[in-house]
Every structure is written in C-alpha cells, then in structure tokens.
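Residue strings, one per chain:
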Amino acid sequence: RSTTQRDWLDYVAIFVPLGDTIISLAISIIALFNSNKIGKQQNNIALYDKRYKVLNVLGHLISTTEIILQRDISDTKVVLYGSMETYRSSTTLTDTIAKGTDVSSFYTGLVFEAGKVEHLFQEKDIQIVMNFLSAFYELVSSTYSKENFKEEINKLELSYVQLQKSGIINKLEEITTP
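Residues numbered from 1 in each chain as written. Predicted model: local features only at pLDDT ≥ 70, side-chain atom pairs only at ≥ 80, totals over all residues. Heavy atoms only, no water.

Asker: Explain the pattern of salt bridges to me, please; I cannot follow it from the model alone.
Answerer: In a structure, side chains of opposite charge can pair up when their charged atoms sit close to one another. Tallied over the entire structure, the rule returns seven salt bridges. One salt bridge in this structure joins K146 and E152, with 2.8 Å as the shortest N-O distance. With relative accessibility at 41%, the residue K146 sits in the partly exposed group. The residue K155 makes a salt bridge to E151 at a minimum N-O spacing of 3.8 Å. Of this pair, K155 and E151 both sit in helix α5 (residues 150–166), four residues apart, which is roughly one turn of the helix. (Salt bridge = Lys/Arg side-chain N within 4 Å of Asp/Glu carboxyl O. Buried < 20%, exposed > 50% of the residue type's maximum accessible area, 1.4 Å probe, protein only. Helix = DSSP H or I, 4+ residues; strand = E, 2+ residues; numbered from the N terminus.)

In structure tokens form, the structure reads like this:
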C-alpha cells in the first residue's frame, strides 16, 4: 500500500510544476492581450485628440470667415484681430501658436494646423478644404500687405460657398457637436 501511495505522490510531484507552468503561461497570454487592448485604446484617445484639434481650428477659421463675409471690407483687420483674441481666450489648444505672435503669424499657424485634414474627409472634400485654407491664408497675407484685397475676399467667399455646397460645414458641425 505504501508503494501505491508513493507512486501516486510521484505523479502529483511531476504534474504540480507542469500545472504551475500552464497557469503562468495562461496568465502571460491574458496580460499580453490586455496590454494590447489598452495600447489600442490609448492610440484611439490620442487620435481623437489630434482630430479634435484640427477640427476645432478648422471650425474657428470657418466662423471667422463667416464674420468677415458679413462685415464691411474695412473691418477685416479688426475681425481677424478680434477672432484671434477670442480663440486664444477660449481654447487650450494654443500650444502650437505662441501667444506673442502677430495676427498674420497666428493665422499662418492655424492654417497649417487645419491643413492636417488628410484622414478626416474624403479626397474630394479634402481638396475643397485645402482650397478654403489657401484662400484664407491669401486673405490674411494680403490684408497686412496690400491696400486693396477685395479679390482675396471674393476668393475666400467662393471657397466658403464650396464648403457649404459640399456639406463639409454640416459634417464638421455633426462631428464637433456633443
């Protein structure tokens, strides 16, 4: 009888370390899957933050354009300056645009930031957005370098109408409205 018990205990002694190994392997696999899942969630959060930043800047440029188009051309500099100050006071996204920059540099930074729309819209819509950003940039540059910038206002208005007709402004409002 003692040899039978010993044989049984020998089997247990063999399988206990093997069981520990299997349990350790299972825990490692679970930990690997969890860390992979957490990594994907963190990437999604970072991607959302980048998209939100771009969409917020683009929305600001569109609302500034709407104000410019409603006002007299002589108010353009005042509108640009006031809109810049409103943006700076109402957002925490000013890390890319220094507080001490002039109006032209500020909007150059915003146009550059909004130009990162590659993965946010379809290709045809991206071209419309880029045309708008180009027209906005030309207006800002001309406002501070020319006496007459009516042509740039007209280009901006045309590109803004394209944004409206394509539905991009509506898409932007849907994405950014909670």
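Asker: How do you make sense of the nonpolar core when you look at a structure like this?
Answerer: The tendency in soluble globular proteins is for nonpolar side chains to be buried side by side. L58, L61, Y107, F132 and F136 are the most contacted members of the largest nonpolar core, which totals 36 residues. For this core, the secondary-structure elements that each account for two or more residues are α1 (2–70), α2 (76–90), α3 (103–114), α4 (123–143), α5 and α6 (168–176). When neighbours within four sequence positions are excluded, L61 is seen to be in contact with Y107, L110, V111, A114, F132, L133 and F136. (Core = buried A, V, L, I, M, F, W, Y, C linked by side-chain atoms within 4.5 Å. Contact = heavy atoms within 4.5 Å.)

Asker: Quick question: what am I supposed to make of the environment of K50 here?
Answerer: Looking at where K50 falls in the secondary structure, it is placed in helix α1. Exposure remark for K50: the relative accessible area of 60% places this residue in the exposed category. In sequence terms K50 and K116 are 66 residues apart; their C-alpha atoms lie 9.2 Å from each other.

Asker: What should I look at first to understand the packing of α3 against α4 in this one?
Answerer: To characterise two packed helices, one gives the angle between the axes of the helices and the distance between these axes. Put simply, α3 and α4 touch, their axes get as near as 10 Å, and they point 175° apart. In terms of orientation, α3 lies roughly antiparallel with respect to α4. Along its contact with α3, which presents S104, Y107, T108, V111 and A114, the element α4 presents L133, F136, Y137 and V140. Broken down by class, the residue content of the contact of α3 with α4 amounts to seven nonpolar, two polar and no charged. (Axes fitted to C-alpha atoms, helices over the stretch in contact; angles between N-to-C directions. Parallel < 35°, antiparallel > 145°, perpendicular 65-115°, else oblique. Nonpolar A, V, L, I, M, F, W, Y, C, P; charged D, E, K, R; others polar.)

Asker: In this structure, what is going on with α3? I would like to understand it.
Answerer: An α-helix turns once every 3.6 residues. As a result, residues three or four positions apart point the same way. Along its 12 residues, α3 runs 16 Å from first to last C-alpha, staying within 8% of the 16 Å computed at 1.5 Å per residue. Between a side-chain oxygen at the N-terminus of α3 and the backbone nitrogen of S104 the separation is 3.3 Å; the capping residue is D102. (Expected span 1.5 Å × (residues − 1). Polar contact = N/O pair within 3.5 Å; in protein donor to acceptor, adjacent residues only side chain to side chain.)

Asker: Can you walk me through the confidence of the model for the protein chain in this structure?
Answerer: Any region with low pLDDT has predicted coordinates that should not be read closely. For the protein chain, per-residue confidence averages 81 on the pLDDT scale, and 87% of positions sit at 70 or higher. Mean pLDDT in the protein chain bottoms out at α6, which sits at 78, and peaks at α5, which reaches 93. (pLDDT = per-residue confidence, 0-100.)

Asker: Explain the environment of Q162 here, please?
Answerer: Relative to the assigned elements, Q162 resides in helix α5. What makes Q162 partly exposed here is its relative accessible area of 37%. Considered as a pair, Q162 and N131 are 31 residues apart in the sequence and their alpha carbons are 9.1 Å apart. Those residues in contact with Q162, other than ones at most four positions away along the chain, are I128 and N131.

Asker: Even after reading the chapter, I still don't get the side chain of S142, so can you show me in this structure?
Answerer: Inspection of the secondary structure puts S142 in helix α4. By relative accessible area, which is 7% here, S142 ends up buried. Side chain to side chain, S142 and E152 meet in a polar contact 3.1 Å long.

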